[in-house]
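# Remarks on the overall topology
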Amino acid sequence: MTSTPSIAVVLGTRPEIIKCAPIVHECERRDYPYAVVHTGQHYSDELDSVFFEELDLPEPDYDLGVGSRPHGRQTGTLIAQIEPILEDERPDAVLVQGDTNSALAGSIAACKLDTQLGHVEAGLRSFDRDMPEELNRILADHASDYLFAPTTESERLLQNEGIPDERIHVTGNTVVDAVQRHADIAAEESDVLDELGISGFRYAVLTAHRAENVDDPDRFQSILDGVGRFAADRGVRCIYPVHPRAEKRIAEFDLSVPEGIELVDALSYLDFLRLEDEALVVFTDSGGVQEETCILGTRCVTVRDSTERPETLSVGANILVGTDAEDIASGAAEMLDRPVDWACPFGNGTAAANILDAVSADVLAEVA
Ligand code: UD1
Ligand code: UDP
């Protein structure tokens, strides 16, 4: 072991690419050796390569191409593929981010080899064990040597589960680093508002992709109806950049998309940031979008029964409304009456640096 830590970053989906990018950039800035292991859980250009390009990320060192499969087979295949890579690379620390099957697979592969494992965005809990993400994040947290909690609320939840204090580091969320780096670039370079014909107009945004919402035809239709009602009441258009999972379900269930909702392809990061930044309100079931709207000062309406981002609720940036159409429309009306005066609870944009500081401090201590 040298005094410079070597890092392996395992990622596989759109939000992981976005939230790991600041860590990769920080490794480059510090000249730390690193390898990026892309699981290939997301592979469509609109969920994958567009982010590598826009976020100025190098090609992954390993591209496992796992693709879409049932969860157990996807996770198991990845564990078997990641293990020999870690045996070859022998990194000082493996970093995984968030709550996807890719993060779980990276976590299990690392801890079986007794390699130091760091979980970025540790300590989030929805307390809904029916969500695959909840089990993934609990398992990743309990396998980890470093738990990078974005907030003191996450730290408290980890302490309640008996995780020793010395493993927990409150770092902020790397999503703040990413937004800070890209929001101004998006304002300068993205033409998305002109392309969608909404420049100078008030508009809303919808993202819905969660399995528990879009795989259930009644819930999904109810979300569309509630957002459609809001759009009609306010006379605004609502732009819905559609995740491929949701696109398939709309066709399969033959859902009726209200007139005020406009389906567009999933957007690149700069275009989506621009869209979020200028929106009157964003309806979402995404984790990252709840955080980004809070950071950007855009009102958010979360169409789920629970959230693992309660900080966005307590600062007043977000309201949790479930999926009943009437509740969605009235929740959005309530949000519009709120002032946009909240402070960002997810740190000040130094999360990646804080994460690498924690890892390098231990490496330095071991060589000393
Ligand atoms: C996954 C994560 C979810 C995260 C989301 C980010 C898990 C359990 N779920 O959900 O936590 O919020 O990513 O977007 O890890 N598909 C494509 N192209 C792709 C990828 C998927 O068309 O590049 C389609 C396939 O039909 C696939 C479906 O989307 O079956 C679902 O993909 P999957 O990776 O299983 O889950 P996500 O819904 O993307
Ligand atoms: N995002 C994007 N284009 C879109 C929709 C979302 O770039 O059309 C970004 C968004 O800015 C956020 C991330 O995708 O950073 C959120 O990912 P997603 O909602 O897929 O997953 P989750 O955060 O729910 O796990």
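Residues numbered from 1 in each chain as written. Chains lettered and ligands numbered in written order. Predicted model: local features only at pLDDT ≥ 70, side-chain atom pairs only at ≥ 80, totals over all residues. Heavy atoms only, no water.

### Regarding the site of ligand 1
The full set close to ligand 1 counts 19 residues, and His42, Tyr43, Ser44, Glu133 and Lys248 are the nearest of them. Ser44 places a polar side-chain atom, nitrogen or oxygen, 2.8 Å from a nitrogen atom of ligand 1. Here ligand 1 loses 89% of its free accessible area of 750 Å² to cover by the protein chains. Among the elements that line the shell around ligand 1, the one with the most residues is helix α11 (residues 244-252), at three residues. Looking at the shell around ligand 1 residue by residue, the class counts come to four nonpolar, 10 polar and five charged. (Near = heavy atom within 4 Å. Polar contact = N/O pair within 3.5 Å; in protein donor to acceptor, adjacent residues only side chain to side chain. Areas by Shrake-Rupley, 256 points an atom, 1.4 Å probe, with all protein chains shown as cover. Helix = DSSP H or I, 4+ residues; strand = E, 2+ residues; numbered from the N terminus. Nonpolar A, V, L, I, M, F, W, Y, C, P; charged D, E, K, R; others polar.)

### Focus on the environment of Gly322
Relative to the helices and strands, Gly322 resides in the loop between β13 (318-320) and α15 (325-336). Taking relative accessible area as the criterion, Gly322 reaches 9% and is therefore assigned buried. In the structure, Gly322 is positioned 20 residues away from Thr302 in sequence and 7.2 Å away in space, judged by C-alpha atoms. When residues no more than four places from it in sequence are discounted, the contact partners of Gly322 are Thr302, Val303, Arg304, Asp305 and Ile328. (Buried < 20%, exposed > 50% of the residue type's maximum accessible area, 1.4 Å probe, protein only. Contact = heavy atoms within 4.5 Å.)

### What about the sheet that holds strand β2 (residues 34-38)?
Taken together, the seven strands give an open sheet; going across it, the order is β3-β2-β1-β4-β5-β6-β7, and neighbouring strands pair in parallel fashion. At either end of the open sheet lies a strand with only one pairing partner, and these are β3 (62-63) and β7 (168-170). In the sheet, strand β5 (residues 116-120) pairs with strand β6 (residues 146-149) via three bridges, with the strands oriented parallel. Looking across to β6, one finds that Gly118 is bridged to Tyr146. Strand contacts of helix α6 (residues 152-160): β6 and β7, with the helix running at about 165 degrees to β7, the strand carrying the most contacts. (Pairing = 2+ DSSP bridges. Axes fitted to C-alpha atoms, helices over the stretch in contact; angles between N-to-C directions.)

Distances and angles like these do not, on their own, reveal function.
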